[in-house]
Amino acid sequence: MLEIKNLSLGIHTSKGLTQAVSDVSFQIKPGKVLGLVGESGCGKTLTAQSILRLGEHQGVKVMGGDVLLNGKSVFDLSSKQLCQFRGAQVSMVFQEPMTALNPVFSIGSQMIEVIRLHLGLSKKEARQRAVSLLKDVGLLKVERILDQYPDSLSGGMRQRVLIAMAISAKPAYIIADEPTTALDVSVQSKIIELLKKLQRENQVGLLLVSHDFGLIAELADDVAVMYAGQIVEYAPVNAIFDRPLHPYTRFLMACRPEVVEDGQALPVIEGHVPLPGQWEKGCRFYHRCHLHQDQCRESDIALRSMDDQQKLRCVLDDHA
Ligand SMILES: Nc1ncnc2c1ncn2[C@@H]1O[C@H](COP(=O)(O)OP(=O)(O)OP(=O)(O)O)[C@@H](O)[C@H]1O
Ligand SMILES: [Mg+2]
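This is a predicted model, so every value here is computed, not measured. (Residues numbered from 1 in each chain as written. Chains lettered and ligands numbered in written order. Predicted model: local features only at pLDDT ≥ 70, side-chain atom pairs only at ≥ 80, totals over all residues. Heavy atoms only, no water.)

Peer 1: How do you make sense of the overall build of the chain when you look at a structure like this?
Peer 2: The secondary structure content of the chain amounts to 11 helices and 12 strands. Taking 2.2 N^0.38 as the reference for a compact globule, 320 residues should give roughly 20 Å; the C-alpha atoms of the chain span a radius of gyration of 20 Å, in line with that estimate. Taking the principal axes of its C-alpha atoms as reference, the chain extends roughly 65 × 50 × 40 Å. Burial statistics for the chain: of 320 residues in total, 51% are counted as buried. A separation of at least 24 residues holds for 65% of the contacts in the chain among residues at least 6 apart in sequence. As displayed, the chain has an accessible area near 15500 Å², and 51% of this comes from carbon and sulfur atoms. Counting 35 positive and 36 negative side-chain charges, the chain places the averaged centre of each group 8 Å from the other. (Helix = DSSP H or I, 4+ residues; strand = E, 2+ residues; numbered from the N terminus. Rg over C-alpha atoms; globule rule 2.2 N^0.38 Å. Buried < 20%, exposed > 50% of the residue type's maximum accessible area, 1.4 Å probe, protein only. Contact = heavy atoms within 4.5 Å. Areas by Shrake-Rupley, 256 points an atom, 1.4 Å probe, with all protein chains shown as cover. Lys, Arg positive; Asp, Glu negative; His and termini not counted. Charge placed at Lys NZ, Arg CZ, Asp CG, Glu CD.)

Peer 1: Hey, could you run me through the pairing of strand E4 (residues 61-69) in this one?
Peer 2: Within a regular strand, the side chains alternate between the two sheet faces. Strand direction decides the pairing type here: strand E1 (residues 2-13) and E4, joined by seven bridges, are antiparallel. Following the sheet pairing, Gly10 is matched in E4 by Lys61. As defined by bridge partners, E4 adjoins strand E5 (residues 72-73) across two bridges and the pair is classed as antiparallel. For Leu69, the partnering residue across the bridge sits in E5 and is Lys72. In sequence, E4 turns back onto E5 through a hairpin of two residues, with Asn70 there showing a positive phi of about 50 degrees. (Pairing = 2+ DSSP bridges.)

Peer 1: Would you take a moment to explain the site of ligand 1 for this structure?
Peer 2: Not every one of the 14 residues close to ligand 1 is listed here, only the nearest: Ser40, Gly41, Lys44, Thr45 and Leu46. Here an oxygen atom of ligand 1 sits 2.9 Å away from a polar atom, N or O, in the main chain of Leu46. For ligand 1, whose free accessible area comes to 630 Å², the fraction covered by protein is 69%. Sorting elements by how many residues they give to the shell around ligand 1 places helix H1 (residues 44-51) first, with three residues. The residue makeup of the shell around ligand 1, split by class, is six nonpolar, six polar and two charged. (Near = heavy atom within 4 Å. Polar contact = N/O pair within 3.5 Å; in protein donor to acceptor, adjacent residues only side chain to side chain. Nonpolar A, V, L, I, M, F, W, Y, C, P; charged D, E, K, R; others polar.)

Peer 1: Is there a simple way to think about the nonpolar core in this case?
Peer 2: Soluble globular proteins tend to bury their nonpolar side chains together. Among the nonpolar cores identified, the biggest contains 97 residues, and Phe26, Ile51, Met111, Leu134, Val161, Leu207 and Tyr248 are the most heavily contacted of them. Excluding anything up to four places from it in sequence, Leu207 contacts Phe26, Ile28, Leu34, Leu36, Ala48, Ile51, Ile174, Ile175 and Ala176. (Core = buried A, V, L, I, M, F, W, Y, C linked by side-chain atoms within 4.5 Å.)

Peer 1: Help me understand the packing of helix H4 (residues 107-119) against helix H5 (residues 123-136), please; the structure alone is not making it clear to me.
Peer 2: When two helices pack together, you describe them by how their axes are tilted relative to each other and by the distance separating the axes. Between H4 and H5, whose axes approach to 9 Å, the crossing angle comes to 110 degrees. When the axis of H4 is compared with that of H5, the two are roughly perpendicular. Crossing geometry of H4 relative to H5 is assigned as right-handed. Contacts between H4 and H5 involve Met111, Ile112, Ile115, Arg116 and Leu119 from the first element and Lys123, Ala126, Arg127, Arg129, Ala130, Leu133 and Leu134 from the second. Residue classes in the contact of H4 with H5 are distributed as eight nonpolar, no polar and four charged. (Axes fitted to C-alpha atoms, helices over the stretch in contact; angles between N-to-C directions. Parallel < 35°, antiparallel > 145°, perpendicular 65-115°, else oblique. Left-handed = near helix turned anticlockwise from the far one by under 90°.)

Peer 1: Please explain the environment of His272 as it appears in this structure.
Peer 2: With respect to the element layout, His272 can be found in the loop between helix H11 (247-254) and strand E11 (304-305). A residue is classified by how much of its surface remains accessible, and His272, at 57% relative accessible area, is exposed. What His272 contacts, discounting residues up to four positions off in sequence, is Tyr227, Gln278 and Arg288.

Peer 1: What's the story with the pairing of E1 in this structure? I'm lost.
Peer 2: Sheet analysis places E1 next to strand E2 (residues 16-28), joined by nine bridges and oriented antiparallel. What sits directly across from Leu9, in E2, is Val21. Counting the residues in the hairpin turn of E1 and E2 gives two residues.

Peer 1: Help me out: how do you make sense of the packing of aromatic side chains in this one?
Peer 2: Each pair of aromatic rings is reported with the distance of its centres and the angle of its planes. Scanning the model with the defined rule gives five aromatic pairs in all. Measuring from ring centre to ring centre gives 6.0 Å for Phe251 and Phe285, while their planes differ by 70 degrees; the resulting arrangement is edge-to-face. On the criterion of sequence distance, the pair formed by Phe251 in helix H11 and Phe285 in the loop between H11 and E11 is long-range, its members being 34 residues apart. Aromatic rings pair up to connect Tyr227, Tyr248, Phe251 and Phe285 into one cluster. (Phe/Tyr/Trp six-rings, centres within 6.5 Å; stacked < 30°, edge-to-face > 60°.)

Peer 1: Please explain H1 as it appears in this structure.
Peer 2: Counted residue by residue, H1 has six buried out of eight residues, so it is predominantly covered. Turning to H1, its buried residues number three or more, namely Lys44, Thr47, Ala48, Gln49, Ser50 and Ile51. Residue Arg53 follows H1 closely and has a positive phi angle near 55 degrees.

Below, the structure is given as structure tokens:
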């Protein structure tokens, strides 16, 4: 099981070290999919990248909490163990496939390097494995693709190559951060189908970071809704769709393009997500919430269990 426990992360701003993710906890069981949703700037990427300790090189500091794979902390891994962990146990698919590939090396040489690193194969065997992986992700003429460079492939093809690399060492978990956002709409659904197929066939646990509730509905078992560095609601996907409780979750649900009638303007949530350093006491959604009351600002609000599955960070009992 992959467990994020009370994780708090800090970033460096002009005010010094500032908290950007507060006390985030969630779990992903083997073969299950957790959707992490929220507007831009809520801390989704910071959280996702911290699982692989990728933020450390970008000045992101762990201020508290832990990331555990099968009970073992990733923060205790040596750099050699960490290298093996990334890819062989947990791997990542990024939003922008171009930046995740190195433009000066052919697809083949990048894939072969990753495969050899994790599986210890000879060059020839690694090439054969690359060929079969590229076929697995639905690419044709794969021998030719191996000799090509990233900029000669389309965005959708590049994302397929990255997915092939992400599954090359058969990781138990994949973190996909907005895997379709940078792609054309027509390609998005194909990549989603591919992720779904690979996830089901290989029983991979998936952390799916997305703005897109359609994508979440299709893939996720559970959903964590994030706002200003905190999880504000956490529940099985059906509960999020059937009875969202947090006013923020309700807003996000109401702003989905698929629920707005043709010709009608998409509703927008007035205001913006407060940035790290701008958080006030109490509810961080206070200024944008149409239900807010004085008690929402009196003290910080805990994530409370509403039943054995749904958790909510809101003091109100009546969310109608
Ligand atoms: N390395 C960093 N150094 C300083 N600030 C950072 C760093 N990474 C992220 N931030 C800031 O932390 C906040 C959360 O960023 P993050 O990228 O996690 O948001 P996000 O939820 O992934 O948003 P998006 O949906 O736009 O990808 C933002 O205000 C961002 O500017
Ligand atoms: Mg992000």
